[in-house]
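Each chain is listed here by its residues.
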Amino acid sequence: MTIMRTLCAAALLTAGVSLTAAAPPHVDRIFVNARIWTGDEARPEAEALAISGDRIVAVGSAAEAKALAAADTVVVDLGGRRVVPGFNDAHLHFPGPPVNEIDLAGADSLAELQGRLRDYAKAHPAATWVLGRGWGYSAFPGGKPDKKYLDEVVSDRLVYLSERDGHMGLANSRALAIAGITRATPDPPNGRIVRDPGGEPTGELQEAAQDLVGRHIPSSTFDETYAAFRQHIDEAASYGLTSVQNASWSPTDQRLAERALAEGALTLRFRFAVPILPKEGGAPEGHVLKTPLTPADLANYRELRDTFRGPLLTYGAIKGFVDGTVDARTAAMFEPYVGAGGTGIPFWDQADLNATVALYDREGFQVLLHAVGDKAIHMALDAYEYAAKTNGTSGRRHRIEHVEVPALADLPRFGRLGVLAVTQPMFANPDATTLGNFAVLLGPARAAHADSFTLFDDAGAVQAFGSDWPVFTNEPLKAIYCAVTRMTPEGTPAGGWYPLGRVSVEAALRHYTRDAAYASFDEAIKGTLSPGKLADLVVLSDDILGVPPARILKTRVLLTVMGGKDTYRADDLR
Ligand SMILES: [Zn+2]
């Protein structure tokens, strides 16, 4: 193997420097005796890698890398361990949950959920509000959440528990009372107050109805939020993440990222997508633009994009929602939900969506549209097609987020229009909620190709993986296990849930690295391990490309390097 060097002869000659006189970059660290999956088709595997500053300067054999070493270069023998590019989560939501909430993830029975609520309430006697997140429908008898289950445990204080997708929540009676929600309260625009057959609110609030209670919950102080943010970015680094694409943004998020940047504590590269905010006051008349982008908004978005040019903080994307989720029956479908009826709530009419997407497209922004149901996905594709045709633009790399239940006839449009599918492997985790609610509502014909990651690969689309954290864990290794097996961590169902949707470990790695970098226009600087790229890489305890899939779950991140600096190091790394 020959070593590739970043020093480019043409550049040196242009600068008037002779090649013989040029000093090679000082190599700070060399990793040798590694099994490097580079993601670079020109050199898929290598055994050594050299770093200078924040960049990779060489990828090749140990002898070649060592030949670059200076007297003070650190040489690290990795003992044959697997190295992959730093993981890039293409869709998640920092700053993440406050650290003072009940974590209900994995509470699959009413007893478990009530137990965690009871324990937390007892441990926090001074909390006026008892808050939590992460429940699934399967935790409740008959899949029906009800305030009575919360009242049984805590009736003298305010309780609000968000569902794991964050699109709905469950309030106890006292929280409903303080929000003034009674049987006479109408559903707000884009929201639903779930009611029992007698018309009494059950305590479940969907989509915009959550604000009725949410506006009474005191918000955390900035310092509390910053502490949680720091904790969450450090966790993410320990999972091997070096880049994240935030599918949300607020001025507070901006302050958090800027403070961490100023303190040298930003251990992840961030790309923020600024939200498309629905117009106040409900549905527009006729074809009035739903999001009247003011000159001030646009100036602000442009300024963010032009000010933060990386490599730690970048902008340039806009995020909107076309629908909700299957579990809440708010995903917009062509055909009704099985058993429950209804076809979901599209948040836009097509003309408004087209006009809004075209507006941002014309301004050079990349658009991210959350679309889960086949109808919403179809609408998003139509809007992207309209924008390209109307503006005469191309190469915007617009994306559909989640894209869980596409119409099969729409798949070729992704490649043709250059629209990216940004999917979440953990959405295919066949747990009780997926099998008992999601798949049942879709029925077998649609469930058979829901969250099926091979569909997009086979259709020639670029597919980037993300977690939608904090909806699900943002541990890429757990997600890769799920994408490869379509089984729960316990190994059920044997052979995988609709196993045709399984992808190879290599494909999963590509979606988490190279393709995720493409999704943020960063493929020239990251996503693969090759000379000139940012030194973002991960050392794993096991070779996930060679071990049985179950072993991927036991694989640990030993070292995370971002821009040449260690952002996580396991205690037992030699
Ligand atoms: Zn999301």
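The residue numbering used here restarts from 1 in each chain and proceeds along that chain's sequence as written. Given that this is a predicted model, residues contribute local features only at a pLDDT of at least 70 and side-chain atom pairs are listed and counted only at 80 or more, while totals for whole chains, interfaces and linings are drawn from all residues. Only hydrogens and water are removed before side-chain values are computed, so all heavy atoms of the structure are retained for them.

(A) Region of the structure containing the overall build of the protein. For helices the rule is a DSSP run of H or I covering at least 4 residues; for strands it is a run of E covering at least 2, with both sets numbered from the N terminus onward. A count of helical and extended segments in the protein gives 19 helices and 24 strands. Based on C-alpha atoms, the radius of gyration is set beside the globule rule, defined as 2.2 Å times the residue count to the power 0.38. Its C-alpha atoms give the protein a radius of gyration of 25 Å, near enough to 25 Å, the size a compact globule of 574 residues would have. With respect to the principal axes defined by its C-alpha atoms, the protein has extents near 85 × 55 × 45 Å. Exposure classes here rest on a 1.4 Å probe applied to the protein chains alone. A residue is buried below 20% of its type maximum, exposed above 50%, and partly exposed in between. Sorting the 574 residues of the protein into buried and exposed places 56% on the buried side. Pairs at least 24 residues apart make up 72% of the contacts formed inside the protein by residues separated by at least 6 positions. Carbon and sulfur atoms provide 55% of the accessible area of the protein, an area that totals close to 22,700 Å². The positive count covers Lys and Arg only, the negative count covers Asp and Glu only, and His and the chain ends enter neither. Working definition for charges: the position is that of NZ of Lys, CZ of Arg, CG of Asp or CD of Glu. Here the protein contributes 56 positive and 69 negative side-chain charges, whose respective centroids are spaced 2 Å apart. In what follows, a contact means two residues having at least one pair of non-hydrogen atoms within 4.5 Å. Per-residue and other accessible areas were derived by the Shrake-Rupley procedure at a 1.4 Å probe size, with only the shown protein chains allowed to occlude residues.

(B) Looking closely at the sheet that holds strand 14 (residues 201-207). Two strands are said to pair when DSSP picks up at least two bridges between them. Across the sheet, which stays open at both edges, the six strands sit in the order 9-10-11-12-14-13 with mixed pairing between neighbours. One side of each edge strand has no neighbouring strand; the edge strands of this open sheet are strand 9 (102-103) and strand 13 (191-195).

(C) Representation of the coordination of the zinc ion within the structure. Because no water is among the atoms considered, metal sites can look incomplete, with donors defined as N, O and S atoms within 2.8 Å of the metal, or 3.2 Å for Na, K and Ca. Within the protein, His91 (NE2), His93 (NE2) and Asp468 (OD) serve as the donor atoms for the zinc ion, at 2.1 Å. Here the donor residues of the zinc ion share one chain and are spaced in sequence as H-x1-H-x374-D. Separated by 377 residues along the polypeptide, His91 in strand 8 (residues 87-92) and Asp468 in the loop between strand 21 (463-465) and helix 16 (476-485) bring together distant segments of the chain. Look at Asp468 and you get buried, because its relative accessible area is 7%.

(D) Structural detail: the environment of Asp151. Turning to its location among the elements, Asp151 is positioned in helix 4 (residues 147-151). When near neighbours in sequence (up to four residues on either side) are disregarded, Asp151 contacts Asn172 and Ser173.

(E) Representation of the packing of helix 7 (residues 222-238) against helix 8 (residues 251-262). Axis lines are fitted to C-alpha atoms, over the contacting stretch for helices. Their N-to-C directions set the angle, which ranges from 0 to 180 degrees. It is at 10 Å that the axes of helix 7 and helix 8 come closest, and there the two elements cross at 60°. Pair helix 7 / helix 8 crosses with right-handed handedness. Residues Phe222, Asp223, Thr225, Tyr226 and Phe229 of helix 7 form the contact with helix 8, whose own contacting residues are Thr252, Arg255, Leu256, Ala257, Arg259 and Ala260. Each residue belonging to the contact of helix 7 with helix 8 can be placed in one class, and the counts come to six nonpolar, two polar and three charged. Handedness of a crossing is defined here by the sense of rotation of the near helix relative to the far one, left-handed for an anticlockwise turn of less than a right angle and right-handed for a clockwise turn. Ten residues, namely Ala, Val, Leu, Ile, Met, Phe, Trp, Tyr, Cys and Pro, are considered nonpolar, four, namely Asp, Glu, Lys and Arg, are considered charged, and the remaining ones, Gly among them, are considered polar.

(F) Examining the sheet that holds strand 1 (residues 29-32) more closely. Read across the sheet, four strands follow the order 5-4-1-6 without closing on themselves; strand pairing throughout is mixed. Taken across any chain shown, the strands that pair with only one partner, and hence form the sheet edges, are strand 5 (55-60) and strand 6 (74-77). Averaged over all pairs of adjacent strands, the angle between their axes in this sheet comes to 15°, without regard to strand direction.

(G) Focus on the pairing of strand 11 (residues 158-163). With six of six residues buried, strand 11 is to be regarded as a mostly interior element. Of the two faces of strand 11, the one lined by Leu158, Tyr160 and Ser162 and the one lined by Val159, Leu161 and Glu163 are each fully buried. For strand 10 (residues 129-135) and strand 11, the ladder comprises six bridges, and the chain directions are parallel. In the sheet register, Trp129 faces strand 11, and the bridge partner there is Leu158. As paired strands, strand 11 and strand 12 (residues 168-171) are joined by three bridges and run antiparallel to one another. Bridging across to strand 12, Ser162 finds its partner in Gly169. Connecting strand 11 to the next strand, strand 12, in antiparallel fashion are four residues, including Gly166 with a positive phi near 80°.

(H) Main features of helix 9 (residues 295-307). In this model helix 9 runs 18 Å from its N-terminal to its C-terminal C-alpha over 13 residues, within 8% of the 18 Å that 1.5 Å per residue would give. Among all positions in helix 9, only Leu298, Tyr301 and Leu304 are buried. The buried residues of helix 9 occupy one face: seen down the axis, they fall within an arc of 125°. Looking at helix 9, the residues exposed on the side facing more than 90 degrees away from the buried face are Pro295, Ala296 and Glu303. Buried residues along helix 9 sit against helix 8, strand 16 (269-275), strand 17 (313-321) and helix 10 (350-362). A helix is expected to span 1.5 Å multiplied by its residue count minus one. In this description, one arc is meant: the one made by directions from the helix axis to the C-beta atoms.

(I) Geometry of unusual backbone geometry. Of note, the amide linkage connecting Phe94 to Pro95 takes the cis form, showing an omega dihedral of 10°. Among the structural elements, Pro95 can be located in the loop between strand 8 and strand 9. With phi around 45°, Tyr498 is a residue other than glycine that occupies positive phi space. The topology assignment puts Tyr498 in the loop between helix 16 and helix 17 (505-512). One non-glycine residue, Phe521, adopts positive backbone phi at about 65°. Tracing the backbone through its elements, the reader meets Phe521 in the loop between helix 18 (514-519) and strand 22 (537-540).

(J) Quick look at the packing of helix 16 against helix 17. It is at 9 Å that the axes of helix 16 and helix 17 come closest, and there the two elements cross at 135°. As far as their axial angle goes, helix 17 and helix 16 are oblique. Note on packing geometry: the crossing formed by helix 16 with helix 17 is right-handed. Two secondary-structure elements touch here, helix 16 through Pro476, Ala479, Ile480 and Val484 and helix 17 through Val505, Ala508, Leu509 and Tyr512. Should an angle fall under 35 degrees it is called roughly parallel, over 145 degrees roughly antiparallel, and 65 to 115 degrees roughly perpendicular, with every other angle called oblique.

(K) Structural context of the pairing of strand 10. Burial analysis of strand 10 places six of its seven residues in the buried class, which makes it a mostly covered element. A right-handed crossover is one whose linking path, passing over the helix from the first strand to the second, runs clockwise when the strands point away from the viewer. Note on the crossover from strand 9 through helix 3 (residues 110-123) to strand 10: the handedness is right-handed.

(L) The packing of aromatic side chains, seen in detail. The criterion for an aromatic pair is that two Phe, Tyr or Trp rings (for Trp, the six-membered ring) have centres within 6.5 Å, with stacked assigned to planes under 30 degrees apart, edge-to-face to planes over 60 apart and tilted to the rest. Taken as a whole and judged by the stated rule, the model has 21 aromatic pairs. Ring geometry for Phe222 against Tyr226: centres 6.5 Å apart, planes inclined by 20°, an arrangement best described as stacked. Of the two residues, Phe222 and Tyr226 both sit in helix 7, four residues apart, roughly one turn of that helix. By the ring-pair criterion, three or more aromatic residues cluster together here, those being Phe94, Phe222, Tyr226, Phe229, Trp249, Phe270, Phe272, Phe308, Tyr315 and Trp469. Any Lys NZ or Arg CZ that is within 6 Å of a ring centre and within 35 degrees of that ring's normal is treated as a charge sitting over the ring. Taking NZ or CZ as reference, Arg305 lies 4.4 Å from the ring centre of Phe365, over its face.

(M) Inspection of the nonpolar core at higher detail. Note on terminology: a nonpolar core comprises buried Ala, Val, Leu, Ile, Met, Phe, Trp, Tyr and Cys residues joined through side-chain atoms within 4.5 Å. Formed by 99 residues in total, the largest nonpolar core has its most connected members in Phe87, Phe94, Phe229, Phe270, Val326, Ile400 and Phe414. The dominant element in this core, judged by the number of residues it contributes, is helix 11 (residues 374-391), at eight residues. Every residue in contact with Phe94, bar those within four places of it in the chain, is listed here: Phe229, His232, Ile233, Ala236, Val244, Asn246, Ser248, Asp253, Leu268, Phe270 and Trp469. Counting residues in each nonpolar core, the second largest holds 21 residues, with Leu104, Tyr120, Phe140 and Met168 among its members.

(N) Representation of the environment of Val194. Tracing the sequence through the fold places Val194 in strand 13. Judged by relative accessible area, which is 18%, Val194 ranks as buried. Setting aside anything within four residues of it in sequence, one finds Val194 in contact with Glu200, Pro201, Thr202, Gly203, Glu204 and Gln206.

These results come straight from atomic positions and should not be treated as a statement about function.
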